[in-house]
Amino acid sequence: MLKNKTAIITGGTRGIGLAIAKKYLEQGACVAVAGSRQETVDKALLSLKEYGERVTGICPDLCNPEEVAAAFASVKEKFGSLDILVNNAGISSATKLYDYSLEEFTKLLDVNVKAVFVCSQAAARIMREQGGGVILNTSSMVSEYGQPSGCGYPATKFAVNGLTKSLARELAKDNIRMNAVAPGVTRTDMVAALPADTVARISAGIPLGRVGEPEDVAEAFVYLASDKASYVTGTVLKVDGAAMT
Ligand code: NAD
(Lines give C-alpha, C1' and ligand atoms only; values in the text may rest on other atoms or scores of the structure.)
Protein backbone atom coordinates (compact mmCIF):
# COMPACT_ATOMS: atom_id res chain seq x y z
CA MET A 1 0.00 0.00 0.00
CA LEU A 2 2.95 2.36 0.49
CA LYS A 3 5.41 1.27 -2.19
CA ASN A 4 7.69 4.09 -3.41
CA LYS A 5 6.61 6.35 -0.51
CA THR A 6 8.96 7.86 2.06
CA ALA A 7 7.79 8.49 5.62
CA ILE A 8 9.22 10.28 8.64
CA ILE A 9 7.83 9.11 11.99
CA THR A 10 8.55 11.19 15.08
CA GLY A 11 8.71 9.18 18.29
CA GLY A 12 9.39 6.25 15.96
CA THR A 13 11.83 4.55 18.30
CA ARG A 14 9.34 2.62 20.47
CA GLY A 15 5.68 2.03 21.25
CA ILE A 16 3.07 3.16 18.73
CA GLY A 17 5.66 4.96 16.55
CA LEU A 18 7.84 1.86 16.16
CA ALA A 19 4.75 -0.21 15.29
CA ILE A 20 3.87 2.34 12.58
CA ALA A 21 7.45 2.18 11.26
CA LYS A 22 7.25 -1.63 10.98
CA LYS A 23 3.86 -1.58 9.22
CA TYR A 24 5.04 1.11 6.78
CA LEU A 25 8.17 -0.92 5.99
CA GLU A 26 6.05 -4.08 5.51
CA GLN A 27 3.92 -2.07 3.06
CA GLY A 28 6.99 -1.15 0.99
CA ALA A 29 7.78 2.37 2.24
CA CYS A 30 11.16 3.87 3.06
CA VAL A 31 11.12 5.11 6.67
CA ALA A 32 13.08 7.56 8.79
CA VAL A 33 12.50 7.09 12.50
CA ALA A 34 12.97 10.30 14.46
CA GLY A 35 13.95 9.97 18.11
CA SER A 36 15.10 12.31 20.83
CA ARG A 37 18.52 10.61 21.30
CA GLN A 38 20.94 8.86 18.93
CA GLU A 39 21.13 5.92 21.36
CA THR A 40 17.39 5.16 21.13
CA VAL A 41 17.42 5.73 17.36
CA ASP A 42 20.25 3.19 17.03
CA LYS A 43 18.32 0.66 19.15
CA ALA A 44 15.24 1.08 16.93
CA LEU A 45 17.32 0.73 13.76
CA LEU A 46 18.77 -2.53 15.11
CA SER A 47 15.24 -3.91 15.56
CA LEU A 48 14.43 -2.90 11.95
CA LYS A 49 17.65 -4.14 10.34
CA GLU A 50 15.86 -6.72 8.18
CA TYR A 51 14.61 -3.78 6.07
CA GLY A 52 18.18 -2.80 5.15
CA GLU A 53 18.63 0.39 3.16
CA ARG A 54 14.93 1.32 3.34
CA VAL A 55 15.25 2.55 6.93
CA THR A 56 17.27 5.36 8.50
CA GLY A 57 17.28 7.44 11.67
CA ILE A 58 17.33 11.14 12.57
CA CYS A 59 17.21 13.00 15.89
CA PRO A 60 16.59 16.72 15.45
CA ASP A 61 15.21 18.86 18.29
CA LEU A 62 11.56 18.79 17.14
CA CYS A 63 10.96 22.34 18.37
CA ASN A 64 13.92 23.78 16.44
CA PRO A 65 12.81 24.78 12.89
CA GLU A 66 16.35 24.85 11.46
CA GLU A 67 17.31 21.43 12.85
CA VAL A 68 14.02 19.90 11.69
CA ALA A 69 14.28 21.42 8.19
CA ALA A 70 17.84 20.12 7.80
CA ALA A 71 16.93 16.62 9.02
CA PHE A 72 13.84 16.39 6.77
CA ALA A 73 15.89 17.63 3.78
CA SER A 74 18.45 14.90 4.47
CA VAL A 75 15.69 12.25 4.35
CA LYS A 76 14.38 13.61 1.04
CA GLU A 77 17.95 13.64 -0.28
CA LYS A 78 18.52 10.00 0.77
CA PHE A 79 15.23 8.50 -0.46
CA GLY A 80 14.24 10.97 -3.23
CA SER A 81 10.96 12.28 -1.74
CA LEU A 82 9.06 12.98 1.47
CA ASP A 83 5.50 11.71 1.12
CA ILE A 84 4.31 11.04 4.69
CA LEU A 85 5.00 12.73 8.02
CA VAL A 86 3.68 11.11 11.20
CA ASN A 87 3.73 13.50 14.17
CA ASN A 88 3.66 10.84 16.86
CA ALA A 89 6.17 11.90 19.54
CA GLY A 90 4.37 12.74 22.75
CA ILE A 91 4.53 12.84 26.52
CA SER A 92 1.67 12.41 28.98
CA SER A 93 0.90 13.72 32.43
CA ALA A 94 -1.16 12.75 35.47
CA THR A 95 -0.29 15.75 37.67
CA LYS A 96 -3.08 17.42 39.65
CA LEU A 97 -3.74 21.12 38.93
CA TYR A 98 -2.57 22.18 42.42
CA ASP A 99 0.79 20.46 41.90
CA TYR A 100 1.49 21.53 38.30
CA SER A 101 4.64 23.51 37.62
CA LEU A 102 4.67 25.90 34.69
CA GLU A 103 7.72 23.96 33.47
CA GLU A 104 5.75 20.72 33.18
CA PHE A 105 2.83 22.43 31.43
CA THR A 106 5.20 24.17 29.00
CA LYS A 107 7.07 20.91 28.26
CA LEU A 108 3.78 19.24 27.32
CA LEU A 109 2.95 22.11 24.98
CA ASP A 110 6.43 21.94 23.43
CA VAL A 111 6.55 18.20 22.68
CA ASN A 112 2.86 17.61 21.93
CA VAL A 113 1.92 20.84 20.10
CA LYS A 114 4.87 23.06 19.15
CA ALA A 115 6.75 20.10 17.62
CA VAL A 116 3.66 19.19 15.55
CA PHE A 117 3.57 22.75 14.22
CA VAL A 118 7.31 22.91 13.46
CA CYS A 119 7.47 19.47 11.80
CA SER A 120 4.28 20.01 9.79
CA GLN A 121 5.58 23.34 8.48
CA ALA A 122 8.91 21.80 7.43
CA ALA A 123 7.25 18.79 5.78
CA ALA A 124 4.55 20.85 4.05
CA ARG A 125 7.19 23.09 2.46
CA ILE A 126 8.81 20.02 0.89
CA MET A 127 5.49 18.37 -0.01
CA ARG A 128 4.08 21.49 -1.69
CA GLU A 129 7.15 21.68 -3.90
CA GLN A 130 6.92 18.01 -4.89
CA GLY A 131 3.15 18.15 -5.57
CA GLY A 132 1.55 16.73 -2.43
CA GLY A 133 1.81 14.49 0.61
CA VAL A 134 0.17 13.25 3.79
CA ILE A 135 0.60 14.49 7.37
CA LEU A 136 -0.79 12.38 10.22
CA ASN A 137 -0.93 13.19 13.92
CA THR A 138 -1.26 11.00 16.98
CA SER A 139 -4.06 12.46 19.07
CA SER A 140 -5.76 10.56 21.91
CA MET A 141 -9.17 9.52 23.20
CA VAL A 142 -8.67 12.20 25.88
CA SER A 143 -9.06 14.81 23.12
CA GLU A 144 -12.76 14.04 23.30
CA TYR A 145 -13.34 13.38 26.99
CA GLY A 146 -10.55 15.18 28.88
CA GLN A 147 -9.17 13.32 31.90
CA PRO A 148 -9.52 13.74 35.68
CA SER A 149 -5.85 14.71 36.27
CA GLY A 150 -2.94 15.84 34.12
CA CYS A 151 -5.02 18.54 32.41
CA GLY A 152 -2.07 19.63 30.27
CA TYR A 153 -2.15 16.37 28.31
CA PRO A 154 -5.74 16.54 27.00
CA ALA A 155 -5.25 20.27 26.40
CA THR A 156 -2.43 19.44 23.99
CA LYS A 157 -4.41 16.70 22.25
CA PHE A 158 -7.38 19.06 21.73
CA ALA A 159 -4.80 21.38 20.14
CA VAL A 160 -3.55 18.55 17.89
CA ASN A 161 -7.12 18.05 16.67
CA GLY A 162 -7.35 21.80 16.03
CA LEU A 163 -4.18 21.79 13.96
CA THR A 164 -5.42 18.71 12.07
CA LYS A 165 -8.78 20.22 11.12
CA SER A 166 -7.36 23.66 10.29
CA LEU A 167 -4.33 22.54 8.29
CA ALA A 168 -6.42 19.99 6.38
CA ARG A 169 -8.42 22.93 5.06
CA GLU A 170 -5.41 25.18 4.49
CA LEU A 171 -3.19 22.60 2.78
CA ALA A 172 -5.81 20.85 0.61
CA LYS A 173 -5.03 23.19 -2.30
CA ASP A 174 -1.41 21.94 -2.17
CA ASN A 175 -2.65 18.33 -2.38
CA ILE A 176 -1.56 17.69 1.21
CA ARG A 177 -3.98 15.66 3.36
CA MET A 178 -3.90 15.90 7.16
CA ASN A 179 -5.61 13.51 9.56
CA ALA A 180 -5.24 12.32 13.14
CA VAL A 181 -5.62 8.98 14.88
CA ALA A 182 -7.00 9.04 18.43
CA PRO A 183 -5.91 5.85 20.24
CA GLY A 184 -7.51 4.62 23.42
CA VAL A 185 -5.47 2.84 26.09
CA THR A 186 -2.71 1.12 24.11
CA ARG A 187 -0.23 -1.50 25.34
CA THR A 188 3.05 0.45 25.13
CA ASP A 189 5.75 0.57 27.87
CA MET A 190 3.49 2.69 30.04
CA VAL A 191 0.62 0.17 30.07
CA ALA A 192 2.95 -2.87 30.17
CA ALA A 193 4.36 -1.56 33.47
CA LEU A 194 0.93 -1.66 35.15
CA PRO A 195 -0.01 -4.64 37.36
CA ALA A 196 -2.02 -7.34 35.54
CA ASP A 197 -5.13 -6.74 37.69
CA THR A 198 -5.07 -3.02 36.81
CA VAL A 199 -4.91 -3.86 33.09
CA ALA A 200 -7.77 -6.35 33.62
CA ARG A 201 -9.87 -3.64 35.31
CA ILE A 202 -9.18 -1.15 32.49
CA SER A 203 -9.97 -3.83 29.88
CA ALA A 204 -13.29 -4.67 31.57
CA GLY A 205 -14.39 -1.05 31.08
CA ILE A 206 -13.71 -1.13 27.33
CA PRO A 207 -16.62 -2.43 25.21
CA LEU A 208 -14.27 -4.52 23.03
CA GLY A 209 -12.94 -6.07 26.25
CA ARG A 210 -9.21 -5.40 25.87
CA VAL A 211 -6.67 -2.61 25.66
CA GLY A 212 -5.39 -1.80 22.18
CA GLU A 213 -2.15 -3.15 20.77
CA PRO A 214 0.28 -0.75 19.03
CA GLU A 215 -0.41 -2.73 15.83
CA ASP A 216 -4.17 -1.95 16.06
CA VAL A 217 -3.30 1.74 16.02
CA ALA A 218 -0.61 1.37 13.34
CA GLU A 219 -3.13 -0.19 10.90
CA ALA A 220 -5.15 3.04 10.98
CA PHE A 221 -1.98 4.97 10.15
CA VAL A 222 -1.36 2.69 7.16
CA TYR A 223 -4.85 3.30 5.80
CA LEU A 224 -4.73 7.09 6.28
CA ALA A 225 -1.27 7.32 4.66
CA SER A 226 -2.31 5.25 1.65
CA ASP A 227 -4.06 6.25 -1.56
CA LYS A 228 -7.11 4.32 -0.29
CA ALA A 229 -7.74 7.39 1.90
CA SER A 230 -7.30 9.86 -0.97
CA TYR A 231 -10.59 11.68 -0.18
CA VAL A 232 -10.12 11.62 3.61
CA THR A 233 -8.75 14.78 5.21
CA GLY A 234 -9.40 16.75 8.40
CA THR A 235 -10.65 13.75 10.33
CA VAL A 236 -9.79 12.35 13.77
CA LEU A 237 -10.13 8.57 13.57
CA LYS A 238 -10.85 6.89 16.92
CA VAL A 239 -9.07 3.56 17.51
CA ASP A 240 -10.16 2.88 21.08
CA GLY A 241 -12.47 -0.15 21.27
CA ALA A 242 -15.35 2.30 21.96
CA ALA A 243 -13.82 3.23 25.34
CA MET A 244 -15.51 6.25 26.91
CA THR A 245 -13.41 7.29 29.90
P1 NAD B 1 6.06 5.99 24.26
O2 NAD B 1 6.46 6.74 25.49
O3 NAD B 1 6.36 4.54 24.16
O4 NAD B 1 6.66 6.73 22.97
C5 NAD B 1 6.75 8.11 22.89
C6 NAD B 1 7.73 8.48 21.81
O7 NAD B 1 7.86 9.91 21.78
C8 NAD B 1 9.12 7.90 22.07
O9 NAD B 1 9.66 7.42 20.86
C10 NAD B 1 9.92 9.11 22.55
O11 NAD B 1 11.29 9.05 22.23
C12 NAD B 1 9.23 10.24 21.81
N13 NAD B 1 9.47 11.52 22.47
C14 NAD B 1 9.08 11.87 23.71
N15 NAD B 1 9.56 13.10 23.99
C16 NAD B 1 10.26 13.51 22.91
C17 NAD B 1 10.98 14.69 22.58
N18 NAD B 1 11.12 15.71 23.44
N19 NAD B 1 11.57 14.76 21.37
C20 NAD B 1 11.47 13.74 20.49
N21 NAD B 1 10.79 12.61 20.74
C22 NAD B 1 10.20 12.50 21.93
O23 NAD B 1 4.51 6.25 24.13
P24 NAD B 1 3.41 5.79 23.08
O25 NAD B 1 2.30 5.27 23.90
O26 NAD B 1 3.96 4.99 21.97
O27 NAD B 1 2.97 7.24 22.55
C28 NAD B 1 3.01 7.63 21.19
C29 NAD B 1 1.92 8.64 20.96
O30 NAD B 1 0.67 8.02 21.22
C31 NAD B 1 1.99 9.87 21.88
O32 NAD B 1 1.69 11.02 21.11
C33 NAD B 1 0.89 9.59 22.90
O34 NAD B 1 0.37 10.79 23.43
C35 NAD B 1 -0.11 8.87 22.04
N36 NAD B 1 -1.10 8.04 22.77
C37 NAD B 1 -0.71 6.94 23.49
C38 NAD B 1 -1.69 6.18 24.13
C39 NAD B 1 -1.33 4.96 24.95
O40 NAD B 1 -2.21 4.43 25.67
N41 NAD B 1 -0.13 4.43 24.87
C42 NAD B 1 -3.04 6.53 24.04
C43 NAD B 1 -3.40 7.65 23.28
C44 NAD B 1 -2.40 8.39 22.64
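In the block above lies the structure referred to throughout.
Residues numbered from 1 in each chain as written. Predicted model: local features only at pLDDT ≥ 70, side-chain atom pairs only at ≥ 80, totals over all residues. Heavy atoms only, no water.

Caption draft 1: The arrangement of the sheet that holds strand 3 (residues 55–58) in detail. The seven strands lie next to each other as 3-2-1-4-5-6-7, forming an open sheet whose pairing is parallel. With one partner strand each, in any of the chains shown, strand 3 and strand 7 (236–239) form the two edges of the open sheet. For this sheet, the mean angle separating the axes of adjacent strands, direction not counted, is 20 degrees. For strand 1 (residues 6–10) and strand 4 (residues 84–87), the ladder comprises three bridges, and the chain directions are parallel. Counterpart to Ala7 in the pairing with strand 4 is Ile84. Contacts from helix 1 (residues 15–26) reach strand 1, strand 2 (30–34), strand 3, strand 4, strand 5 (133–138) and strand 6 (176–183), with the element oriented near 170 degrees to strand 1. The sheet contacts of helix 9 (residues 214–225) involve strand 4, strand 5, strand 6 and strand 7, and relative to strand 6 the element is tilted by about 165 degrees. (Pairing = 2+ DSSP bridges. Helix = DSSP H or I, 4+ residues; strand = E, 2+ residues; numbered from the N terminus. Axes fitted to C-alpha atoms, helices over the stretch in contact; angles between N-to-C directions. Contact = heavy atoms within 4.5 Å.)

Caption draft 2: Fine view of helix 9. When the terminal C-alpha atoms of helix 9 are compared, their 17 Å separation across 12 residues agrees well with the 16 Å that a helix rising 1.5 Å per residue should span. Of all the residues in helix 9, the buried ones are Pro214, Val217, Ala218, Ala220, Phe221, Val222, Leu224 and Ala225. (Expected span 1.5 Å × (residues − 1). Buried < 20%, exposed > 50% of the residue type's maximum accessible area, 1.4 Å probe, protein only.)

Caption draft 3: Quick peek at the site of the ligand. The immediate surroundings of the ligand are formed by 22 residues, with Arg14, Ile16, Asn88, Tyr153 and Thr186 found nearest. The contact in question runs from an oxygen atom of the ligand to an N or O atom on the backbone of Asn88, over 2.8 Å. One nitrogen or oxygen atom from the main chain of Thr186 is found 2.8 Å from an oxygen atom belonging to the ligand. Relative to its free-state accessible area of 820 Å², the ligand is covered by the protein chains to the extent of 86%. Broken down by secondary-structure element, the contributors of at least two residues to the shell around the ligand are helix 1 and helix 6 (152–171). Of the residues that constitute the shell around the ligand, the class distribution is eight nonpolar, 12 polar and two charged. (Near = heavy atom within 4 Å. Polar contact = N/O pair within 3.5 Å; in protein donor to acceptor, adjacent residues only side chain to side chain. Areas by Shrake-Rupley, 256 points an atom, 1.4 Å probe, with all protein chains shown as cover. Nonpolar A, V, L, I, M, F, W, Y, C, P; charged D, E, K, R; others polar.)

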